[in-house]
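A structural walkthrough
Residue strings, one per chain:
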Amino acid sequence: MLYETISSILAMTKNVDHTYLQESKSNKKAVIAITSNRGLAGGYNSNVIKLAEARIAELGGNAVIMPIGKKAVEYFTKHDAKILKGYEGIAENMSLYNATEIADIIIDMYNKHKSIGHVELVYTEYVSPLVQNARTLSVIPLSNLEEQPKCNSVTRYEPSPSAVFEQLIPKYIAGIIYGAAVCSFASEQASRRMAMENATDNATEIIDNLSLIYNRARQTAITQEITEIVGGASAQN
């Protein structure tokens, strides 16, 4: 609904401040990376970290990272990355309060302090129980809003469309972050289930192979013992 409202305001008015639709004058970029607090989830964490590193490399030396989740915080701290602020314990229980706090930080740095010109989000998109894809999403400037078709709306915005737009943007960005965290957590659980299922299948296969080798060795040893007993008996006779 926030997305539709913002798109409607942009479609029906031309006097809205488009600050959030354009990069600011600052050449510093920021990447928000969402991982989990725990491992044993297959390639879930490594895929996000690799994609975040690739985006940081593409954005240039001024890029900073805002890691969410213990795995991301530990990794980027160990690799001496430029960390804006880390959130180690909220990956599994992200609240709207946490999302709003993160959104307020990046909005202040983008709009008030002009210290960040571009913000991207790296998270895992839940496609199905079998498919989860690491992807990027532009947080600021907002993407795909200007592509919405023009519409004839009878909605009247008070005190003005621009004022409503300014009030909705922080809530919309917080919603993007919160939705990405929830989607990432669902992807984490699906990835962990698959990893544990594969581990169980591999362990079962290894046990079966070892049991077969053991049985063959045991059978060979028994055959050898019988042969020796028969040979000894024949020698005595």
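Keep in mind the model is a prediction, meaning the values are calculated, not measured.

**A word on the nonpolar core**
Within the largest apolar cluster, 41 residues are counted, with the highest numbers of intra-cluster contacts made by Ile-32, Ile-102, Ile-173 and Ile-177. Put simply, the parts of the chain that give this core at least two residues each are helix H1 (2-12), strand E1 (29-34), strand E2 (64-68), helix H4 (96-112), strand E3 (118-128), strand E4 (131-140) and helix H5 (161-236). The element best represented in this core is H5, accounting for 12 residues. Beyond its immediate sequence surroundings of up to four residues, Ile-32 is in contact with Met-66, Ile-68, Ile-102, Ile-106, Val-119, Glu-120, Leu-121, Val-122 and Ile-177. Listed in part, the 12 residues of the second largest apolar core include Ala-33, Val-48, Leu-59 and Val-122.

**A short note on H4**
Counted at 1.5 Å a residue, the expected span for H4 with its 17 residues is 24 Å, and the 22 Å between its end C-alpha atoms agrees. Of the residues making up H4, those classed as buried are Asn-98, Ala-99, Ile-102, Ala-103, Ile-106, Ile-107, Met-109 and Tyr-110. Take H4 and look down its axis: the buried residues cluster within an arc of 165°, on one side only. Across H4 from its buried face, at more than 90 degrees, point the exposed residues Tyr-97 and Lys-112. Those residues of H4 that are buried lie in contact with E1, E2, E3, E4 and H5. The first or second residue beyond H4 is Lys-114, which carries a positive phi of 55°.

**Some thoughts on the pattern of salt bridges**
Applying the stated criterion across every chain, the model contains nine salt bridges. Between Glu-58 and Arg-55 there is a salt bridge; the shortest N-O distance is 2.1 Å. On the criterion of helical spacing, the pair formed by Glu-58 and Arg-55 is a turn pair, its members being three residues apart in helix H2 (residues 44-59). Under the relative-accessibility criterion, Glu-58 is labelled exposed at 57%. We classify Arg-55 as buried; its relative accessible area is 17%.

**Let's talk about the sheet that holds E3**
Here we have four strands laid out as an open sheet, ordered E2-E1-E3-E4, and mixed in their pairing. Among the strands making up the open sheet, the edge pair consists of E2 and E4. When the angles between neighbouring strand axes are averaged without regard to direction, this sheet yields 25°. In terms of strand pairing, E1 meets E3 through five bridges, oriented parallel. Across the sheet, residue Ala-33 finds its bridge partner in E3, namely Val-122.

**A closer look at the packing of H4 against H5**
Where H4 meets H5, the closest approach of the two axes is 8 Å, and the angle between their N-to-C directions is 120°. With respect to H5, the axis of H4 lies oblique. You can see that H4 and H5 cross each other, and the crossing is right-handed. Contacts from Leu-96, Ala-99, Thr-100, Ile-102, Ala-103, Ile-106 and Ile-107 of H4 reach H5 at Pro-170, Ile-173, Ala-174, Ile-177 and Tyr-178.

**Digging into unusual backbone geometry**
Cis geometry is adopted by the peptide bond preceding Pro-141, which originates at Ile-140 and carries an omega value of 0°. Relative to the helices and strands, Pro-141 is located in the loop between E4 and H5. Phi angles above zero are rare outside glycine, and Leu-40 is one such case at about 55°. Position of Leu-40 relative to the elements: it lies in the loop between E1 and H2. The exposed category is assigned to Leu-40, whose relative accessible area is 67%. Even without a glycine there, the phi angle at Asp-80 is positive, about 55°. Relative to the assigned elements, Asp-80 resides in the loop between helix H3 (70-78) and H4. Taking relative accessible area as the criterion, Asp-80 reaches 68% and is therefore assigned exposed.

What counts and what doesn't
Residues numbered from 1 in each chain as written. Predicted model: local features only at pLDDT ≥ 70, side-chain atom pairs only at ≥ 80, totals over all residues. Heavy atoms only, no water. Core = buried A, V, L, I, M, F, W, Y, C linked by side-chain atoms within 4.5 Å. Buried < 20%, exposed > 50% of the residue type's maximum accessible area, 1.4 Å probe, protein only. Helix = DSSP H or I, 4+ residues; strand = E, 2+ residues; numbered from the N terminus. Contact = heavy atoms within 4.5 Å. Expected span 1.5 Å × (residues − 1). Arc of directions from axis to C-beta. Salt bridge = Lys/Arg side-chain N within 4 Å of Asp/Glu carboxyl O. Pairing = 2+ DSSP bridges. Axes fitted to C-alpha atoms, helices over the stretch in contact; angles between N-to-C directions. Parallel < 35°, antiparallel > 145°, perpendicular 65-115°, else oblique. Left-handed = near helix turned anticlockwise from the far one by under 90°.

Everything listed here is a matter of coordinates, which is why it stays silent on function.
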